[in-house]
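Descriptive analysis of the structure
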Amino acid sequence: MDPKVYQQQLYELGIDGMEIDVSTIERAMRTLNELEEYEGVLKKMRHNIRMDIRNIRKEYLGILKELNPSPEEKRKSSAKEVQKRIKKKKSILKKRDSKIKSYEIIENTVDSYLTQIDDARIYIKNSIETRVG
């Protein structure tokens, strides 16, 4: 999936605008449930992002393998051809890394949200415990 789609999904999730309401125990519990739902969606999204990154790596590994010469071609290769192949491989790796970077940025955002959810969960549970006693 394209990183822009993940970005759109994060936006539509609406986690940025969420308010933590602990004014009553009922509202605190409802907020906890919402956080659990968000957490589930975010974990699935992170899994999918990691799968996409893995697939990109596999795809580019195949492309790089195709560039490897056969042993016979290796013996016949001139220094100029070797340099050309090295340059091509570096270009392919740069392209791969650039593609992966956009996914990693989204993954970092998801991880940040998951950390915030954990912090909010602790805050809510402490709030509930102080009211209950």
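Here is what the cut-offs are and how they apply
- Residues numbered from 1 in each chain as written.
- Predicted model: local features only at pLDDT ≥ 70, side-chain atom pairs only at ≥ 80, totals over all residues.
- Heavy atoms only, no water.
- Helix = DSSP H or I, 4+ residues; strand = E, 2+ residues; numbered from the N terminus.
- Rg over C-alpha atoms; globule rule 2.2 N^0.38 Å.
- Buried < 20%, exposed > 50% of the residue type's maximum accessible area, 1.4 Å probe, protein only.
- Contact = heavy atoms within 4.5 Å.
- Areas by Shrake-Rupley, 256 points an atom, 1.4 Å probe, with all protein chains shown as cover.
- Lys, Arg positive; Asp, Glu negative; His and termini not counted.
- Charge placed at Lys NZ, Arg CZ, Asp CG, Glu CD.
- Salt bridge = Lys/Arg side-chain N within 4 Å of Asp/Glu carboxyl O.
- Core = buried A, V, L, I, M, F, W, Y, C linked by side-chain atoms within 4.5 Å.
- Axes fitted to C-alpha atoms, helices over the stretch in contact; angles between N-to-C directions.
- Parallel < 35°, antiparallel > 145°, perpendicular 65-115°, else oblique.
- Left-handed = near helix turned anticlockwise from the far one by under 90°.
- Nonpolar A, V, L, I, M, F, W, Y, C, P; charged D, E, K, R; others polar.

Glancing now at the overall build of the chain. Looking only at helices and strands, one finds four helices and zero strands in the chain. Its helices and strands taken in sequence order, the chain reads α-α-α-α from the N to the C terminus. The globule rule puts the C-alpha radius of gyration for 133 residues at 14 Å, and the 24 Å found for the chain is more than 25% above it. The C-alpha extent of the chain, read off along each of the three principal axes, is 80 × 25 × 15 Å. Split into buried and exposed, the 133 residues of the chain put 28% on the buried side. Considering only residue pairs separated by 6 or more positions, the chain has 84% of its internal contacts joining residues 24 or more positions apart. A total accessible area of about 9700 Å² is found for the chain, and carbon and sulfur atoms account for 51% of it. When the 29 positive and 23 negative side-chain charges of the chain are each reduced to one mean point, those points stand 13 Å apart.

With that settled, consider the pattern of salt bridges. Applying the stated rule across the entire model yields eight salt bridges. D111 is paired through a salt bridge with R46; the nearest N and O atoms lie 3.1 Å apart. In this pair, D111 sits in helix α4 (residues 79-132) while R46 sits in helix α2 (residues 25-67), placing the two residues 65 residues apart along the sequence. Of the residues examined, D111 reaches a relative accessible area of 24% and is grouped as partly exposed.

With that settled, the discussion passes to the environment of V82. Relative to the assigned elements, V82 resides in helix α4. Linking V82 and D52, residues 30 residues apart in sequence, is a C-alpha distance of 32 Å.

Our next topic: the nonpolar core. One finds L10, L42, I49, V110 and I124 to be the most contacted residues of the largest nonpolar core, which totals 28 residues. Within the residue set of this core, elements represented by two or more residues are α1 (3-13), α2 and α4. Beyond its immediate stretch of four places on either side in the chain, L42 contacts L10, L13, I15, V110, Y113, L114 and I117.

The next thing to look at is the packing of α1 against α4. At a closest axis distance of 9 Å, the pairing of α1 and α4 adopts a crossing angle of 20°. Considering their axes alone, α1 and α4 lie roughly parallel with respect to each other. Remark: the crossing between α1 and α4 carries left-handed chirality. Taking contact as the criterion, the partners of P3, Y6, Q7 and L10 in α1 are, on α4, S102, Y103, I106, T109, V110 and Y113. Looking at side-chain class alone, the contact of α1 with α4 contains seven nonpolar, three polar and no charged residues.

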